[in-house]
Each structure stands twice: as structure tokens, then as C-alpha cells.
Amino acid sequence: MKELICIKCPKGCHLHVDDENGYAVTGNSCERGAEYGKKELTNPTRVLTSTVKVTGSLHRRVSVKSLGELPRGLLEEAVRLLDPIELTAPVHIGDVVIANILNTGIDIVATANRPALS
């Protein structure tokens, strides 16, 4: 039996996941908790958030995130791919920074605007 705290809503339910009995979940107050508990033990995923460098703007970095959840085991490699990236202003919310990162079908996009210096 594994114990988890659900992160799918602010309640933070204390889940009990029976990994020896088909990943049955108890302690959840909604269906999202049941889905989270099973997924967390069978195929954990996370949305990636980070920053990348920007030149030609007042701000030197821009926040980015994945448009979907990446397998947790790929997060470190994905962050390493972001490190050498340097965007040139202007950068707009939704601009694709990396398309199909690590062949997952998920794009990394800018989540802030960085106007060019005038």
C-alpha cells in the first residue's frame, strides 16, 4: 500500500493506493484523485515549467511551460534541452520554444511577453 497526497485540487486528499490489488485508490473525495493515484504509481507525469534566455529585451529570461504532461523520467533531459536556448525579442505568449520535445508530441511554449527594446 502506497500513501500519496493528491495534487489535483486544493483539498490535498490523503490517498491510499493498493499497488498489489489493481492500484485501487481510497481516501479520494473525487474521481480526479482516483485517476491521479493510479497514474502516479503506473506512469507519473508532470507539466514542465522553466525559463529560457532572451536577448534584445529589458528582461533577460522568459518563463516557459509544456502544453501537456511529460513522463516524469524525461523531465531532467527536457530541462537540459532548454538550457542552451536563447530567444531574440520580441517573444509572445504561446510562441513555440521547442516543438515535440523528446518526441513526446508536446510543445514547450513561452508563457510571458518580452517586447524588443526600442
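Residues numbered from 1 in each chain as written. Predicted model: local features only at pLDDT ≥ 70, side-chain atom pairs only at ≥ 80, totals over all residues. Heavy atoms only, no water.

**What about the nonpolar core?**
Thought 1: Counting residues in each nonpolar core, the largest one holds 20 residues, and the members touching the most others are Val52, Val62, Leu82, Val97 and Ile108.
Thought 2: For this core, the secondary-structure elements that each account for two or more residues are strand S4 (45-55), strand S5 (61-71), helix H2 (75-82), strand S7 (96-98) and strand S8 (108-110).
Thought 3: If we ignore the near neighbours within four places in the chain, the residues touching Val52 are Arg60, Arg61, Val62, Val64, Leu82, Ile85, Leu87 and Val97.
Thought 4: Listed in part, the 8 residues of the second largest apolar core include Cys13, Leu15, Val17 and Tyr36. (Core = buried A, V, L, I, M, F, W, Y, C linked by side-chain atoms within 4.5 Å. Buried < 20%, exposed > 50% of the residue type's maximum accessible area, 1.4 Å probe, protein only. Helix = DSSP H or I, 4+ residues; strand = E, 2+ residues; numbered from the N terminus. Contact = heavy atoms within 4.5 Å.)

**Details of the sheet that holds strand S3 (residues 24-26)**
Thought 1: Strand order in the open sheet formed by 3 strands is S1-S2-S3, with antiparallel pairing between adjacent strands. Pairing within the sheet leaves two strands with one partner each, and these edge strands are strand S1 (2-5) and S3. The average undirected angle you get between the axes of adjacent strands in this sheet is 30 degrees.
Thought 2: In the packing of helix H1 (residues 31-42) onto the sheet, the strands contacted are S1, strand S2 (14-18) and S3, and the crossing angle to S2 comes to about 55 degrees. (Pairing = 2+ DSSP bridges. Axes fitted to C-alpha atoms, helices over the stretch in contact; angles between N-to-C directions.)

**Points about the environment of Asn28**
Thought 1: In this fold, Asn28 is placed in the loop between S3 and H1.
Thought 2: Given the relative accessible area of 26%, Asn28 is considered partly exposed.
Thought 3: Between the alpha carbons of Asn28 and Asn43 there is a distance of 19 Å; along the sequence they are 15 residues apart.

**With respect to the sheet that holds S4**
Thought 1: Pairing is mixed across the open sheet formed by 5 strands, whose spatial order is S6-S4-S5-S8-S7. Unpaired on one side and paired on the other, strand S6 (86-88) and S7 mark the two borders of the sheet. Averaged over all pairs of adjacent strands, the angle between their axes in this sheet comes to 40 degrees, without regard to strand direction.
Thought 2: Here S4 pairs with S5 via 8 bridges, running antiparallel. When the sheet's bridge partners are listed, Ser50 is paired in S5 with Val64.
Thought 3: Set on the sheet, H2 makes contact with S4, S5, S7 and S8; between it and S4 the angle comes to about 10 degrees.

**So, the pattern of salt bridges**
Thought 1: Tallied over the entire structure, the rule returns 5 salt bridges.
Thought 2: A salt bridge links Glu69 to Lys39; its shortest N-O distance comes to 2.9 Å. Taken as a pair, Glu69 in strand S5 and Lys39 in helix H1 lie far apart in primary sequence, 30 residues in all.
Thought 3: We note a salt bridge from Glu40 to Arg46, for which the minimum N-O separation is 2.8 Å.
Thought 4: Three or more residues joined by partner-sharing salt bridges are found here, namely Lys8, Lys39 and Glu69. (Salt bridge = Lys/Arg side-chain N within 4 Å of Asp/Glu carboxyl O.)

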